[in-house]
Amino acid sequence: MSAFTLTVNGERHTVDVDPTTPLLYVLSDDLALRGPKFGCGLGQCGSCTVIVGQRAIRSCVTPMSTLNGADVTTLEGLGTVERPHPLQKAFIDEQAAQCGFCLSGVIMTTVALLNQNPRATTPQIQESLSTVLCRCFVHTRMLRAITRYAEEKRA
Amino acid sequence: MTPPLSRRDFLRTSGALVVSFSSAGALAPFVFPSTSLSAGGQGQFGTRVSHVDPRQLDSWIAVNADGTVTGYTGKCELGQGMLTAQTQLVAEELSVPVERVHIVQCDTDVTPDQGTTSGSQSTPTNFNEANLALAAATAREALLNLASTRLGVPVNRLSADNGAISISGDAAKRVTYGELIGGRKFALTLSRTARRKPAAQWTVLGKPVPRVDMAALATGRFEFVHNVRVPGMLHGQVVRPPSVGATVGGVDDTSVRGLPGVVEVVVRKNFVGVVTEKPWQALQAARALKVQWAAGSKLPAQRDLYDWMRRQPSRDGLVVDSGDVDRTLNGARTVLKATYLHPYQMHASMGTSCAVADVRGDHATVWSPTQSAYPTRSGVALLTGLPLDNVRVVFTRGSGCYGINGADTVSFDAALLSQAVGKPVRIQLTRKDEMAWENYGLAYVIDQRIGLDANGAIIAWDYDAWLPSLGGRPGYDAPGNVITGSLVGFEPAGVSPRATTPPSGTLRNGSNAAPSYVAGCIGTSCAGAGTVKSERVRTHTIRSPFFTGPLRSPSRLQNTFAHECFLDEAAASVKADPIEYRLRHLRDERLMEVIRAAGKAANWEARPSPQSRNTRSGVARGRGVSAVAYEGDNGYVAMVAEIAVDQATGRITVTRLVVAQDCGPISNPDGMKNQIEGGALQGLSRALGEEVTWDDQQVTSIDWRTYHSLTLGFGVPVIESVLINRTDVEATGAGETAITIVAPAIGNAIFDATGVRLRQVPFTAERLRAALG
């Protein structure tokens, strides 16, 4: 066990865990966050995506040993029910979910991409989502919400 | 097979109900005190008798002291929008704002037993003239009667609005629901004469009300079962067999004794699991645990599956048989013959299945994402040996399931592990454990023959199918139908071979085994959607090497793929336009109308397939149509697909899907569109890439690299929905319609574009390239 310090959604936390523990386990178990989810544990589906610094990472395969001092943002760190992030608001406006389990993957991946490159083209957005899954296949609405947000961002 | 008793038939078999209720807490519905009432009998949903009496209004609706309304339902939210739709239903009938209605779903302590949330049955069950709908109408009537007494005017001078009742034309004379009955019970039975609001007066139902859970989902606030945390909770993992049918020879628990956090190694016959303090520790311990396994029997070779299926002993069924099919085919001008093949596919939920169980002493509570709260309760009681009445299952939302994913089995896992340690245990399966052991959607081999007369009309249709089956939903007494129950020694439902018996009664095309184009006659009763009189539909169910179970549009999807492609083959053979040729052989007006509507919306050009412009190089474009009357009469849908085929690579790009749908009165048009769009794309993923694979020992499609689901980046087609809203008929299901007709629409479009007919799903680029030659 080792102590690690993390800033998660603006709050500092110190946790004492096995250094091989993936970040996702700390977020959902030790910190009881609901945004990032275990989908595959293999970094293949996107459900566990969080933003560390500027980059979207797959928290299910990122060990704590690589993250001491990291600044982590999760889906709930973007916005609240009362004051959603503009992309979350676009998802709400487009009713872009069915079961909703995949939303961390879709939203966090897109936010990170458009933060780094506000002028990202539709093919670039598509490329960044090419390893993100939604098994309810709400693709049409999600892409509509993302387009709406990307256009706002460019404007 | 015996065509499985259609889910609808099952619902219609009703038996005696036991009247048993007492008043419990102020807001809880009628609940029988916790004593033995698990004996026999059957409820109205093909269910066992439950302690929540569905005939009592208080079992469904409560008006709280603050005037808010609570609805209790046995149909739960699986991502399909049922929570919002049921909220709308109660809000509409009671004239209260949506925000003042709270729905409690599928909790065996307080909600009526409505069996399983499946089979596109939630809308027909709760949105027509019975159950939740009747309860809401009864409550409205009761509130008006109470107000009539209170205000001293007849009911016909009263109107309800915004949670209160006032005298028409004199809004000052007003009484709120809270004042009338808040916090107290109605103590009424459901009134068969209570009338629902006519659809023409709806202001909440029938409208695109936003989903009540959307903001919480989008901002990460929503509590899934994965987020349930109970004080003192431990974490579990299971160790599944390394190959199908392997059995435990021995477990060396010293292999994990030194690992951090290990609390217990649990072994029950072939069920093996570990319990630890933290979830990551559970994974480490499960990996490290040394188990000796005795190998199971070899699996049939995947490349030989379809021939192997034909060779197995089978349970045979006849859905329809006019007795003259061979004779008619012998006399036909032309006979077409083809075999269609469909692979095993899986639910492959986005999140692996998770449950939390708290089994202490002689009581158990399980937080479960199951579609079947009451049956799961019964299964947990059987597995733990606890009295049924001491087990509570609280439905808590999981990842979208699309049928029986790992939700039931993981609930059993959690209960077994918790019972072993006497503390609450949470378990979320690994991706491999989810995918390697779930109850797969059925593989199918379908032989068909069509006879054509001199005018090109179909005069005979012969259908012969082989399908594998093992296990399924556990129901109330068969926990062995899923892996966990089977590992602890409960037998899964298998297949006892049996020769066929002639069909009787009236055709209920619950599995869509009979093509839409046949007359569906049994004796003098003809219930088919079509006109072809010489008809035979035979099925042969064999024992599956893998667990099987309902996967969104079970059997209906596989059958419709075969029917709708083969119909197109017949149309092409006589150079007929595929839409005109369909209409020529149909008589069901609702089915015909959705086909016309889809064609119109897609600007369908009437001409035979394949299109004539094609040369065997470059990109070829084409369009295809398909349609179905889902389960015979539970939703009508047609689709036009437009595609492009890169003939060098065999790669298919779907550019546009136009869907026309008639599901009776629409509860929420945006919710229905969401289901159409999701169903269409899930159907596309299943048509283009999804297939369960295995070697001689075990399943090898165990993650997202080996099981191919279309990602968010795949190049999504335009989807256009045409909703036909009929308020003069009963509401039907809408969750399994669009998905049923995607593969044939794409298959027919491939043929239209290239002249090549693919008769095997999935339509991979390799398969199409090989067929293009």
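Quick note: structure is the one above.
Presented here is a report on the structure given in the accompanying data block.

Thresholds, definitions, all that
Residues numbered from 1 in each chain as written. Chains lettered and ligands numbered in written order. Predicted model: local features only at pLDDT ≥ 70, side-chain atom pairs only at ≥ 80, totals over all residues. Helix = DSSP H or I, 4+ residues; strand = E, 2+ residues; numbered from the N terminus. Rg over C-alpha atoms; globule rule 2.2 N^0.38 Å. Buried ≥ 20, exposed ≤ 12 C-beta atoms within 10 Å, placed from the backbone. Contact = placed C-beta atoms within 7 Å. Pairing = 2+ DSSP bridges. Axes fitted to C-alpha atoms, helices over the stretch in contact; angles between N-to-C directions. Parallel < 35°, antiparallel > 145°, perpendicular 65-115°, else oblique. Left-handed = near helix turned anticlockwise from the far one by under 90°.

### Describing the overall build of chain B
- Across its full length, chain B holds 21 helices and 26 strands.
- Since a compact globule built from 773 residues should have a radius of gyration of about 28 Å, the 27 Å found for chain B is in line with a globular shape.
- For chain B, the C-alpha atoms occupy an extent of roughly 80 × 75 × 50 Å along the three principal directions.
- Within chain B, the fraction of its 773 residues that count as buried is 58%.
- Looking at chain B alone, contacts between residues at least 24 apart form 77% of all its contacts between residues at least 6 apart.

### Considerations on the environment of B:R100
Residue and element names in this part refer to chain B.
- Looking at where R100 falls in the secondary structure, it is placed in the loop between α2 (82-94) and β3 (101-105).
- Look at R100 and you get partly exposed, because 18 C-beta atoms sit within 10 Å.
- Along the chain, R100 and I458 lie 358 residues apart, while their C-alpha atoms are 56 Å from each other.

### Quick look at the sheet that holds strand β19 (residues 458-469) of chain B
All names here are of chain B.
- Here we have 5 strands laid out as an open sheet, ordered β12-β22-β19-β18-β13, and mixed in their pairing. Edge positions in the open sheet fall to β12 (315-321) and β13 (334-342), since each of these has one partner strand only. Taking the axes of each pair of neighbouring strands and ignoring which way they run, one obtains an average angle of 10° across the sheet.
- Here strand β18 (residues 444-452) pairs with β19 via 8 bridges, running antiparallel. Across the sheet, residue Q448 finds its bridge partner in β19, namely Y463.

### Details of the packing of α2(B) against helix α4 (residues 131-151) of chain B
Residues and elements named next belong to chain B.
- In the contact formed by α2 and α4, the axes pass within 8 Å of each other and the chain directions differ by 25°. Classified by the angle their axes make, α2 and α4 are roughly parallel. Note on packing geometry: the crossing formed by α2 with α4 is right-handed. Together, Q86, L89, V90, E93 and L94 of α2 and L132, A133, A136, A137, A139 and R140 of α4 make up the contact between the two elements.

### So, the interface of chain A and chain B
- Of the residues lining the interface, 53 residues belong to chain A; the matching set on chain B comes to 49 residues.
- Looking at the side of chain A that touches chain B, the elements with two or more residues in it are α1 (23-30), α2 (75-78), α3 (86-94), α4 (103-116), α5 (122-128) and α6 (139-154) of chain A.
- In terms of residue count, the dominant contributor to the side of chain A that touches chain B is α6(A) (5 residues).

### Let's talk about the pairing of strand β8 (residues 247-252) of chain B
Residues and elements named next belong to chain B.
- For β8, the buried fraction is low: 0 of the 6 residues fall into the buried class.
- Of the pairings in the sheet, the one linking β8 to strand β11 (residues 290-294) comprises 5 bridges and is antiparallel in character. Its bridge partner being in β11, V251 is matched across the sheet by V291.

### Notes on the environment of B:R48
Residues and elements named next belong to chain B.
- Checked against the element boundaries, R48 lands in the loop between α1 (7-12) and β1 (61-63).
- With 23 C-beta atoms counted inside 10 Å, the residue R48 sits in the buried group.
- The sequence separation of R48 and P375 amounts to 327 residues, and the corresponding C-alpha distance is 8.7 Å.

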